[in-house]
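# Breakdown of the fold
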Amino acid sequence: MAKAVKGDKKSYQVLLSELANVIEAYLHRKFSLDFKSNLLDDCIQDVLIALHEARHTYDPTRPFRPWFFSIVKYKSIDALRKYKTHQARNSDTFEETISDQEDDLNTDINQCEAKMTFSALAKSIPDIYRETIAMAKIEGLSIAEVAKRMDTTESAVKVRIHRGLQKIKKAWQNESKR
């Protein structure tokens, strides 16, 4: 995207082609849309158009994925709302289904953004803290399980998590000031 913003047309074409595939796979998986569905095609096109129109807002010094997935999130929701409006007359339960899918989409996008942000910020902290936090907070292991895996005490695990999260918090605050 950074090359595309600078005017590299070939990079931009490659980017759009790859992103279309990512969007299609995500929407198919998330909403079980048929690959030949007009809704799927419309949604992909809406996202790509929005991406094109917003390309000047992309900051190459910031991560691309959160910026991209924000566009996917909002344009997908817009497409589902349009579709809901047209189908609402035919089904009383359709609105509930779309609302649930919107909630799931928001949750998935937020989790994805959080993991990518954590991943980027975690690179700035020592490995011992990153590994401990990953096991406890991402893998969901208990403090005792983490301590056993890392051959240390539960107290040491708690300290590492606390210190690591403090370092990530500080890095986040520094990133937010930019």
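Just above, that's the structure.
These notes cover the structure that comes with them. (Residues numbered from 1 in each chain as written. Predicted model: local features only at pLDDT ≥ 70, side-chain atom pairs only at ≥ 80, totals over all residues. Heavy atoms only, no water.)

What follows is about the overall build of the chain. Regarding its fold elements, the chain presents eight helices and zero strands. Beginning at the N terminus, the succession of helices and strands in the chain can be written as α-α-α-α-α-α-α-α. Burial statistics for the chain: of 178 residues in total, 35% are counted as buried. Relative to all contacts within the chain whose residues are 6 or more apart in sequence, the contacts with residues 24 or more apart total 59%. Element-wise, carbon and sulfur atoms account for 49% of the exposed surface of the chain, whose accessible area totals about 11600 Å². (Helix = DSSP H or I, 4+ residues; strand = E, 2+ residues; numbered from the N terminus. Buried < 20%, exposed > 50% of the residue type's maximum accessible area, 1.4 Å probe, protein only. Contact = heavy atoms within 4.5 Å. Areas by Shrake-Rupley, 256 points an atom, 1.4 Å probe, with all protein chains shown as cover.)

This next bit is on the environment of Pro126. Within the fold, Pro126 resides in the loop between α5 (94-122) and α6 (127-138). Pro126 sits in the partly exposed class, given a relative accessible area of 39%. For the pair Pro126 and Gly164, spaced 38 residues apart in the sequence, the C-alpha separation amounts to 8.0 Å.

What follows deals with α6. Turning to α6, its buried residues number three or more, namely Tyr129, Thr132, Ile133, Met135 and Ala136. The buried residues of α6 all sit within an arc of 165° when viewed along its axis, so they share a single face. Once α6 ends, the next one or two residues include Gly140, with phi positive near 80°. (Arc of directions from axis to C-beta.)

Taken as a whole and assessed by the stated rule, the structure comprises two salt bridges. We note a salt bridge from Asp127 to Arg130, for which the minimum N-O separation is 2.0 Å. Of this pair, Asp127 and Arg130 both sit in helix α6, three residues apart, which is roughly one turn of the helix. Classification of Asp127 as partly exposed rests on a relative accessible area of 46%. Arg130 sits in the partly exposed class, given a relative accessible area of 24%. (Salt bridge = Lys/Arg side-chain N within 4 Å of Asp/Glu carboxyl O.)

Now for the packing of α6 against helix α7 (residues 143-150). Any two packed helices are characterised by how steeply their axes cross, that is the angle between the axes, and by the distance between the axes. The interhelical angle for the contact between α6 and α7, taken along N-to-C directions, is 135°, at an axis separation of 9 Å. Classified by the interaxial angle, the pair formed by α6 and α7 is oblique. Every pair of crossing elements has a handedness; the one defined by α6 and α7 is right-handed. Contacts between α6 and α7 involve Ile128, Glu131, Thr132, Met135 and Ala136 from the former and Val146, Arg149 and Met150 from the latter. A breakdown of the residues in the contact of α6 with α7 according to their chemical character gives five nonpolar, one polar and two charged. (Axes fitted to C-alpha atoms, helices over the stretch in contact; angles between N-to-C directions. Parallel < 35°, antiparallel > 145°, perpendicular 65-115°, else oblique. Left-handed = near helix turned anticlockwise from the far one by under 90°. Nonpolar A, V, L, I, M, F, W, Y, C, P; charged D, E, K, R; others polar.)

Another aspect to go through is the side chain of Thr132. Along the chain, Thr132 turns up in helix α6. Ignoring anything within four residues of it in the chain, the contact list for Thr132 reads Val146, Met150, Val157, Arg160 and Ile161.

Another point: the nonpolar core. Judged by nonpolar contacts, the single largest core of 27 residues is most densely connected at Ile23, Phe64, Trp67 and Phe68. The set of elements that each furnish at least two residues to this core consists of α2 (9-31), α3 (38-54) and α4 (64-87). Residue contributions to this core peak at nine residues, all from α3. If near-sequence neighbours (up to four positions away) are discounted, Phe64 is found in contact with Met1, Leu15, Leu19 and Tyr58. Residues Ala136, Leu141, Val146 and Val157 belong to the second largest nonpolar core, which totals eight residues. (Core = buried A, V, L, I, M, F, W, Y, C linked by side-chain atoms within 4.5 Å.)

Right, let's get into unusual backbone geometry. One non-glycine residue, Asp151, lies in the positive phi region at around 55°. Within the fold, Asp151 resides in the loop between α7 and α8 (154-177).

Everything listed here is a matter of geometry and, on its own, says nothing about what the molecule does.
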